[in-house]
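These are the residues of each chain, in order.
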Amino acid sequence: MTTRQRNLLMNGLFLAACAGILLFLLQAPPETTRPLPHDQDHERFMTMQRKEAERHCDACHGPQGVAPLPETHPPKFRCLFCHKRKDPAERP
Ligand code: HEC
Ligand code: HEC
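Here is what the cut-offs are and how they apply
Residues numbered from 1 in each chain as written. Chains lettered and ligands numbered in written order. Predicted model: local features only at pLDDT ≥ 70, side-chain atom pairs only at ≥ 80, totals over all residues. Heavy atoms only, no water. Near = heavy atom within 4 Å. Polar contact = N/O pair within 3.5 Å; in protein donor to acceptor, adjacent residues only side chain to side chain. 1 Å grid on protein atoms, 1.4 Å probe; cavity = no way out; pocket = protein on both sides within 12 Å on 5 of 7 lines; lining within 4 Å. Sits in = over half its atoms within 2 Å of the grid points. Helix = DSSP H or I, 4+ residues; strand = E, 2+ residues; numbered from the N terminus. Nonpolar A, V, L, I, M, F, W, Y, C, P; charged D, E, K, R; others polar.

Q: How should the site of ligand 2 be read in this particular structure?
A: Near ligand 2, the surroundings consist of 16 residues, among which Arg34, His42, Cys57, Cys60 and His61 are the closest. Note that an oxygen atom of ligand 2 is positioned 2.5 Å from one of the side-chain N or O atoms of arginine 34. Here ligand 2 is seated within the largest pocket. For the shell around ligand 2, the secondary-structure elements that each account for two or more residues are helix H2 (50-61) and helix H3 (79-82). Each residue belonging to the shell around ligand 2 can be placed in one class, and the counts come to 9 nonpolar, 4 polar and 3 charged.

Laid out in structure tokens, this is it:
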């Protein structure tokens, strides 16, 4: 095989791998995690910096709070990465 042929083959393989990864990502299921509710308890977090807002969740959703998370809750750091705020600034 010439160097040129090998380069073509490598480029082809690279493109095929990229296409495969893209297809895989497009298969991802639609987001089902509940968004941050729009109510009195949560409204003020809609406009706050994410990191700043997340410092307050624990007051109510920690073990001693009014709405503790279930034991089966997935890893809890960065609440707002999973529980999205659906305000227009965040989601066009
Ligand atoms: C890795 C993603 C992820 C992160 C991070 C996360 N959650 Fe969740 N949360 C979920 C999923 C998944 C559920 C269960 C399915 C659903 O109800 O959407 C859930 C459920 C909940 C519920 C409902 C519990 C119930 O009684 O049914 C509350 C409240 C909640 N999360 C609050 C939080 C808070 C507060 C944080 C940050 C301390 C947090 N979550 C971080 C994914 C996440
Ligand atoms: C002042 C107390 C309070 C604070 C602070 C608070 N929550 Fe809640 N949260 C509640 C209560 C009470 C409920 C259950 C009733 C409801 O849906 O509003 C709840 C429900 C939820 C739910 C479930 C909504 C659903 O559809 O079932 C999510 C997700 C959630 N909170 C995320 C958060 C996140 C993320 C933060 C931090 C940015 C946060 N909460 C801060 C009191 C609070």
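Now, onward.
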